[in-house]
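# A look at the structure
Below are the chains, spelled out letter by letter.
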There are 2 protein chains.
Amino acid sequence: MDKLLVLFTFLGSAAALIFAVITAKRVLRFPEGTDTMKKISAWVKSGANAYLKRQYFVVAVFFAAMFVILLVMALCKLLTIYVPFAFVTGGFFSALSGFIGMKIATASNARTANACREGLNRGLRVAFSAGSVMGFTVVGLGLLDISIWFFLLNNILKLSPNEISSAMLTFGMGASSMALFARVGGGIFTKAADVGADLVGKVEAGIPEDDPRNPAVIADNVGDNVGDVAGMGADLYESYVGSIISASALGVAAFKANGLSAMAVPMLIAAIGIVCSIFGTFLVRTKENATQKNLLKSLSRGTNFSAIIIAVLAFPIVWFCLGGKASIGLYFAIIAGLLSGVLIGQSTEYFTSDTYKPTRHLASKSETGSATIIIGGLGLGMLSTALPILIVAVCILVAYFASGGGSNMNMGLYGISLSAVGMLSTLGITLATDAYGPVADNAGGIAEMAGLEPEVRQRTDALDSLGNTTAATGKGFAIGSAALTALALMASYVNKVDEVAASAGKAVDLTFNLTNPTVLVGLFIGACLPFIFAALTMESVGKAAQSIVIEVRRQFKEITGLMEGKAEADYASCVDLCTKASLREMVLPTVVAIIAPVATGLILGYHGVVGMLAGATATGFLMAIFMSNSGGAWDNAKKYIESGAHDGKGSDQHKAAVVGDTVGDPFKDTSGPAINILIKLLSMVSIVFAALVVRYSIF
Amino acid sequence: MDKLLVLFTFLGSAAALIFAVITAKRVLRFPEGTDTMKKISAWVKSGANAYLKRQYFVVAVFFAAMFVILLVMALCKLLTIYVPFAFVTGGFFSALSGFIGMKIATASNARTANACREGLNRGLRVAFSAGSVMGFTVVGLGLLDISIWFFLLNNILKLSPNEISSAMLTFGMGASSMALFARVGGGIFTKAADVGADLVGKVEAGIPEDDPRNPAVIADNVGDNVGDVAGMGADLYESYVGSIISASALGVAAFKANGLSAMAVPMLIAAIGIVCSIFGTFLVRTKENATQKNLLKSLSRGTNFSAIIIAVLAFPIVWFCLGGKASIGLYFAIIAGLLSGVLIGQSTEYFTSDTYKPTRHLASKSETGSATIIIGGLGLGMLSTALPILIVAVCILVAYFASGGGSNMNMGLYGISLSAVGMLSTLGITLATDAYGPVADNAGGIAEMAGLEPEVRQRTDALDSLGNTTAATGKGFAIGSAALTALALMASYVNKVDEVAASAGKAVDLTFNLTNPTVLVGLFIGACLPFIFAALTMESVGKAAQSIVIEVRRQFKEITGLMEGKAEADYASCVDLCTKASLREMVLPTVVAIIAPVATGLILGYHGVVGMLAGATATGFLMAIFMSNSGGAWDNAKKYIESGAHDGKGSDQHKAAVVGDTVGDPFKDTSGPAINILIKLLSMVSIVFAALVVRYSIF
């Protein structure tokens, strides 16, 4: 049975990786276009490469330090010896996912622009193929890491299911740490460049977006690749792996004797999800002169097909592994997760797309200036938390009680964790539809800078605008799965505390009563963490953007002939500034995320930690939705005005909307998505440091 | 013993009320100044009166409906028969506090302006006296309501301490409902008028603030009185009463046999707090030509003196009532509360005063436009939650464990509730220093409109600017005590569930484990409520402001000679519009606050309710601080720029700062303070509907 499992997951990951390689080769066969396009593309590539190299260096120092700490803890018997190594591999594969995604994205930008010269369908194929490479690399590497460790721990070292799941949880911490660095660093880079370029270029100098005279324009494009692509890759690698390993761990707790089979379920669902997603990608094609509706339909066809097939195939998997009545309930949990992801995505779309009332109403607030559009956007984002909260609430209750949580708590928690796996099972294709957005966006930039025909830009814009909608759906999956996975990890933490206390011969009280003051205080502190985290990251974007503003102003002033197009801007200096600023600024938020649970634990004990995790998950979920949706709505309100509403581009209303969009930039692309990672990293760190906390805490 | 207690509390409340009457008489002896001043003052008075009358009518309908519902529930044995009546008196006294505060404030505006013509010290005396009337009315009426009910239930009806505290908790629900209406309605009124007046008058027409040509200028002044004064009065009445009755209820639970003495402690501390506060007011005076520092010192002298005396006298009270080792611990809890209030106030001041780095740094962001100052302000507010969270966390732990919560949970919870009482014990004088701000603000408006000498406006500005600082301290007390009281009420809810379940013969499980999905789902829903509430109230301000903008634009266009000062604006129409809009908009948020706990309870059961209360308290505390501090910092950053920094008034930087201030208006004066009330109202409603939930919930 266990050999079959390893074989299947290996095959699943291999399928994903082979598909990614084939797709990548196909993409690279497309020509890069004119010499100017090649030159611009080369700048972006070298900027992104340089950034990632330096980022990985900083991260490597961090990982080395953490490795030593974990090794010392392992030698002190506070951890098993596999933990430091698992931690490092999690980080490595997460970084690799981001790196490969960035490589293919930067290689496809000019190719997409060039393909758009020939037609929309061709452009879509190139951009979507690039997204697919990224999507399947992420899921392939995720499942590979899982199956290697499973093989090593189970088949070679012959550990018990409990020990296996416990060790595997810790490579989640590596993945989460890396993901947080990538999201925060990349998010700061991309938004600093974007805000800086817009504030001086668009607002002060009055030149259009993506104008080659703007010294920050290459940095802006680099930012899309290192933030929206590499950051997202590392992020979703972490989500994917996190959901699978937390479900595995809870499966062992729920099924004890039959633990191996329960561990198998999430891995097999992930494997089968990959195969379904590959089939789904073949359905994504569109006819020439397609409307945006056609394009969206074409993408939805692919994802819906995959989702339906998985929904069908999940049942035999659960039945085969676990059998009996339990499997029916667990199957419902998986379906609940799958459905919730879709519903949260639709709620996001409703609140942020300019085809619906909320964003149109927001755009109308531009009539009374920037203050009212800001107030309106903040209100919209806050209000938009209600629906996702209800969806997740129903999902939790269904997953828990359908799985038999009423009589056996561990079964219910396993059900919740499986619903997160169900939600992410189609990640291969949803990530493809998500990652293709930045590629199309960059293609548009290159088309503009290279002075291609206007219809090329129109086509890339059509692809890009569609990307905003698919990104909204993608965010739904990312946020929803983050909340469910974080809850599953919280439950794993409780099991871990039980385990380490037993091995240390300490008595523990595993009720986390809300009338217990340490739980309550933990809850307060945890609830505060997403606020602090959001504040730190926003402040960092502000600081970094300020340095870009100063540099761009300097170049406009000092480089003679720049504005007339006779001299070339010094793009490299802006890229360099963004790199330095984002690397400097990404460290503090990540360190806060790692120190907070350890400090809380050492002072308040494990009761405080559980309170903290619950508080951080609840507020983090809310803040992530609030910030993402406010930002998305501002962005699309601006686009709606640019399309001609409320006196269109250049009007006072448009200026007000630009202010909203600028405020929304760090909201939706830096702070919001990073909070998803934060809430899982907090749990992972808590699990790894559980033994330390149980032994040495004050309370 | 119990007769002595009633006597003491009666005497305490009598002292407060008599002092308020004497002070009011003294204020009214001051002349109102010139005929123009009298005329303007009369407009403001009649506007405020008209608003409150109509508000009370709407509220009366709500109270009548709730009275019937509660009466029916009482007849169905789901409540005791005292509840509907207690509910109504709570609402009545809360409204009365607001009403009297408004009356004295509107009577003192012109008098303060006139006194400022003679000198700063005279101006301070009048404004501070008006604030004192308000402060002591609130505490006097609060304690009066408590002692009347206590006398009735204990001495006349001879109920058990448990029944007494239980009935008394329900008049807290009346007070909270009224307070929420007053805060939300008043908050919408004042900010709609303020934003509307600024957007058209200052920004579009370019006329100064408080210019009599602006049709919304009287509405703006009326708003200060119905929002910042009447709203705050009802609000703090609720906080004061809420903290005392929740402590009484927990005292009964903790001391069972000796319940009456435990109930006595919070009441006696409140009574003695009144006396100390009265003495404190006599220390508030300043010399002519005082700097702002002198003024602040003079106010601090009064509050610090009161606080120190209470800190000394609290010990004999606790010792006398409860004796033994327990009283030492409880005394520490009281002191912890007293200290925490001061520290939260100082943290607020640090983050929002332009004498410190954060606000100055925020002002510097105006250099790169309104978007960066908005991002900066949001980040500042979010970051500023960290310190208050830590202060409250330490306070909770100290109060709980010092009171012996480690061995007896109920003692610990009683300690937490006493810390809230300690925090609010100096309310008489802190509220006086807080409420004097709007009086000084209005005096400035009248000075401007009546065309008084520039030095008068300078003096009122000095008083007003000081008011911003004292308001920050006041907010610290309001927010801190709200969190502690909400936690105490959550504990009371648990006791209540136990009680009603016992009388219904139902078995209950009183552990609220965070791994229980109904608790978790409740937590998610509760955490979401402050977000929804903030969104609804902000949206309401936006809507109401929009209607004012349209009306002011209309008047500027249609009334010929208005801009030249030859024709008079139609002030009444703006007042009327604000009134209608705020009354229409205040209903939904309040109804949400009342329905949410009942609906959550009926679906998720009492476990879900406790989760909801914990979630709402944690997020509510954070949101209240975030919104208040962001708003305060934007306001002061704007003032800092107006004082000459960053190119001063009229510059682009100033315009950017005005956008920040406008966004901050609903943050700090509508949504933020209302959330404090929300989290307590949720608990009160839960307590009142506990029997219904325990009997009929689905889960």
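Residues numbered from 1 in each chain as written. Chains lettered and ligands numbered in written order. Predicted model: local features only at pLDDT ≥ 70, side-chain atom pairs only at ≥ 80, totals over all residues. Heavy atoms only, no water.

On a plain count of helices and strands, chain A comes out with 19 helices and zero strands. Here chain A has a C-alpha radius of gyration of 24 Å; the compact-globule value for 699 residues is 27 Å, and the two agree. Overall, the C-alpha framework of chain A stretches about 75 × 50 × 45 Å when taken along its three principal axes. Burial status across chain A gives 69% buried among its 699 residues. Considering only contacts within chain A whose residues lie at least 6 apart along the sequence, 84% involve residues at least 24 apart. If you sum the accessible surface of chain A, you get close to 21200 Å²; carbon and sulfur atoms cover 64% of it. (Helix = DSSP H or I, 4+ residues; strand = E, 2+ residues; numbered from the N terminus. Rg over C-alpha atoms; globule rule 2.2 N^0.38 Å. Buried < 20%, exposed > 50% of the residue type's maximum accessible area, 1.4 Å probe, protein only. Contact = heavy atoms within 4.5 Å. Areas by Shrake-Rupley, 256 points an atom, 1.4 Å probe, with all protein chains shown as cover.)

Residues and elements named next belong to chain B. At a closest axis distance of 11 Å, the pairing of helix H2 (residues 35-75) and helix H5 (residues 161-205) adopts a crossing angle of 145°. The handedness of the crossing between H2 and H5 comes out as right-handed. Residues Tyr-51, Gln-55, Tyr-56, Val-59, Phe-62, Phe-63 and Met-66 of H2 form the contact with H5, whose participating residues are Met-173, Gly-174, Ser-177, Met-178, Phe-181, Ala-182, Gly-185, Gly-186 and Phe-189. Taken together, the residues that form the contact of H2 with H5 break down as eleven nonpolar, five polar and no charged. (Axes fitted to C-alpha atoms, helices over the stretch in contact; angles between N-to-C directions. Left-handed = near helix turned anticlockwise from the far one by under 90°. Nonpolar A, V, L, I, M, F, W, Y, C, P; charged D, E, K, R; others polar.)

The second copy of the chain is related to the first by a rotation about an axis and a shift along the axis. Between chain B and chain A, which share one sequence, the superposing operator has a rotation angle of 180° and an axial displacement of 0.0 Å; the RMSD is 0.1 Å. Both chain copies can therefore be described as sitting about a two-fold axis. In terms of C-alpha distance to the rotation axis, chain B has B:Asn513 as its closest residue, with the C-alpha 2.2 Å off the axis. Mapped onto chain A, 100% of the interface residues of chain B again fall at the interface, so both copies present the same surface. (Least-squares fit on C-alpha atoms with pLDDT ≥ 70 in both.)

This part is about the pattern of salt bridges. The final tally for this structure, using the stated rule, is 52 salt bridges over all chains. Residue B:Asp635 is joined to B:Lys639 by a salt bridge in which the shortest nitrogen-to-oxygen separation is 3.4 Å. Of this pair, B:Asp635 and B:Lys639 are both found in helix H17 (residues 571-642), four residues apart, which corresponds to roughly one turn of the helix. Members of the salt-bridge network, linked through shared partners, are A:Lys191, A:Asp194, A:Asp635, A:Lys639, A:Asp665, A:Lys668 and A:Asp669. (Salt bridge = Lys/Arg side-chain N within 4 Å of Asp/Glu carboxyl O.)

Looking now at a positive patch on the surface. All names here are of chain A. A surface patch of positive charge is lined by Lys-287, Lys-293, Lys-297 and Arg-301. Looking at the element boundaries, Lys-293 is found in helix H8 (residues 292-322). Lys-293 gets classed as exposed once you look at its relative accessible area, which sits at 70%. (Patch = residues over 30% accessible without salt bridge, like charges linked within 9 Å, V, L, I, M, F, W, Y side chains within 5 Å. Lys, Arg positive; Asp, Glu negative; His and termini not counted. Charge placed at Lys NZ, Arg CZ, Asp CG, Glu CD.)

Phi at A:Lys158 is positive, roughly 55°, even though this residue is not glycine. By the secondary structure assignment, A:Lys158 is in the loop between helix H4 (120-156) and helix H5 (161-205). What makes A:Lys158 exposed here is its relative accessible area of 63%. Backbone geometry places B:Lys77, a non-glycine residue, at a positive phi of 65°. Here B:Lys77 lies in the loop between H2 and helix H3 (82-118). The exposure class assigned to B:Lys77 is exposed, which follows from its relative accessible area of 66%.

To continue, consider the nonpolar core. Counting 531 residues, the largest nonpolar core has A:Met168 and B:Met168 as the members making the most contacts within it. Not counting chain neighbours up to four residues away, the residues in contact with B:Met168 comprise B:Ile146, B:Trp149, B:Phe150, B:Leu153, B:Ile245, B:Met263 and B:Met267. (Core = buried A, V, L, I, M, F, W, Y, C linked by side-chain atoms within 4.5 Å.)

Turning our eyes to something else, we now look at helix H1 (residues 2-29) of chain A. Residues and elements named next belong to chain A. In this model H1 runs 41 Å from its N-terminal to its C-terminal C-alpha over 28 residues, within 8% of the 40 Å that 1.5 Å per residue would give. Residues of H1 that are buried include every one of Leu-5, Val-6, Thr-9, Gly-12, Ser-13, Ala-16, Phe-19, Ala-20, Thr-23, Ala-24 and Val-27, and no others. Turning to H1, the residues buried within the fold contact helix H3 (82-118), H4 and helix H7 (259-281). (Expected span 1.5 Å × (residues − 1).)

This brings us to the packing of aromatic side chains. Ring pairs (aromatic) are described by centroid distance and by the angle formed between their planes. Residue and element names in this part refer to chain A. Under the definition given, this model contains 47 aromatic pairs over all chains. Ring geometry for Phe-67 and Phe-85: centres 5.4 Å apart, planes at 80°, overall edge-to-face. With Phe-67 in helix H2 (residues 35-75) and Phe-85 in helix H3, the pair connects residues that are 18 residues apart, well separated along the chain. The class for Phe-67 is partly exposed, based on a relative accessible area of 21%. (Phe/Tyr/Trp six-rings, centres within 6.5 Å; stacked < 30°, edge-to-face > 60°.)

Here the focus is the interface of chain B and chain A. On the side of chain A, 73 residues touch chain B, which itself brings 73 residues to the contact. Where chain B abuts chain A, roughly 6200 Å² becomes buried across the two surfaces, and 84% of that area is made up of carbon and sulfur atoms. Summed over the shared surface of chain B and chain A, the result is two salt bridges. For B:Lys365, the salt bridge goes to A:Glu539, with nearest N and O atoms at 3.1 Å. The interface formed by chain B and chain A contains eight residue pairs in polar contact (both at pLDDT 80 or more). Those elements giving two or more residues to the side of chain B that touches chain A turn out to be helix H11 (370-383), helix H12 (386-402), helix H13 (409-424), helix H15 (454-504), helix H16 (517-558), H17 and helix H18 (652-688) of chain B. Considering every element that reaches the side of chain B that touches chain A, the biggest residue donor is H16(B), with 20 residues. Residue composition of the side of chain B that touches chain A, by class: 54 nonpolar, 15 polar and four charged. (Buried area = accessible area lost by both parts, 1.4 Å probe. Polar contact = N/O pair within 3.5 Å; in protein donor to acceptor, adjacent residues only side chain to side chain.)

Residues and elements named next belong to chain A. For helix H6 (residues 217-255), built from 39 residues, the straight-helix expectation of 57 Å at 1.5 Å per residue is met to within 8% by its first-to-last C-alpha distance of 55 Å. In terms of burial, H6 is largely enclosed, as 39 of its 39 residues are buried. Lys-256, located one to two residues past H6, shows a positive phi value of around 30°.

This paragraph deals with the packing of H3(A) against helix H14 (residues 427-449) of chain A. All names here are of chain A. Direction vectors running N to C along H3 and H14 enclose 55°, while the axes themselves pass 8 Å from each other. What the angle tells us is that H3 and H14 run oblique. Pair H3 / H14 crosses with right-handed handedness. For the pair H3 and H14, contact is made by Ala-105, Ser-108, Asn-109, Ala-110, Thr-112 and Ala-113 and by Val-439, Asn-442, Ala-443, Ile-446 and Ala-447, respectively. Looking at side-chain class alone, the contact of H3 with H14 contains seven nonpolar, four polar and no charged residues. (Parallel < 35°, antiparallel > 145°, perpendicular 65-115°, else oblique.)

As a further point, take the side chain of A:Ser651. Position of A:Ser651 relative to the elements: it lies in the loop between helix H17 (571-642) and helix H18 (652-688). A distance of 2.7 Å separates the side chain of A:Ser651 from the backbone oxygen of A:Gly648, its partner in a polar contact.

Time to look at the confidence of the model for chain A. Predicted coordinates in regions of low pLDDT should not be interpreted in detail. Residue and element names in this part refer to chain A. Looking at chain A, the pLDDT average stands at 90 and 99% of residues meet or exceed 70. Helix H12 (residues 386-402) holds the highest mean pLDDT among the elements of chain A, 96, whereas H8 holds the lowest, 86. Scoring of the predicted complex yields 0.94 for pTM and 0.94 for ipTM. (pLDDT = per-residue confidence, 0-100.)

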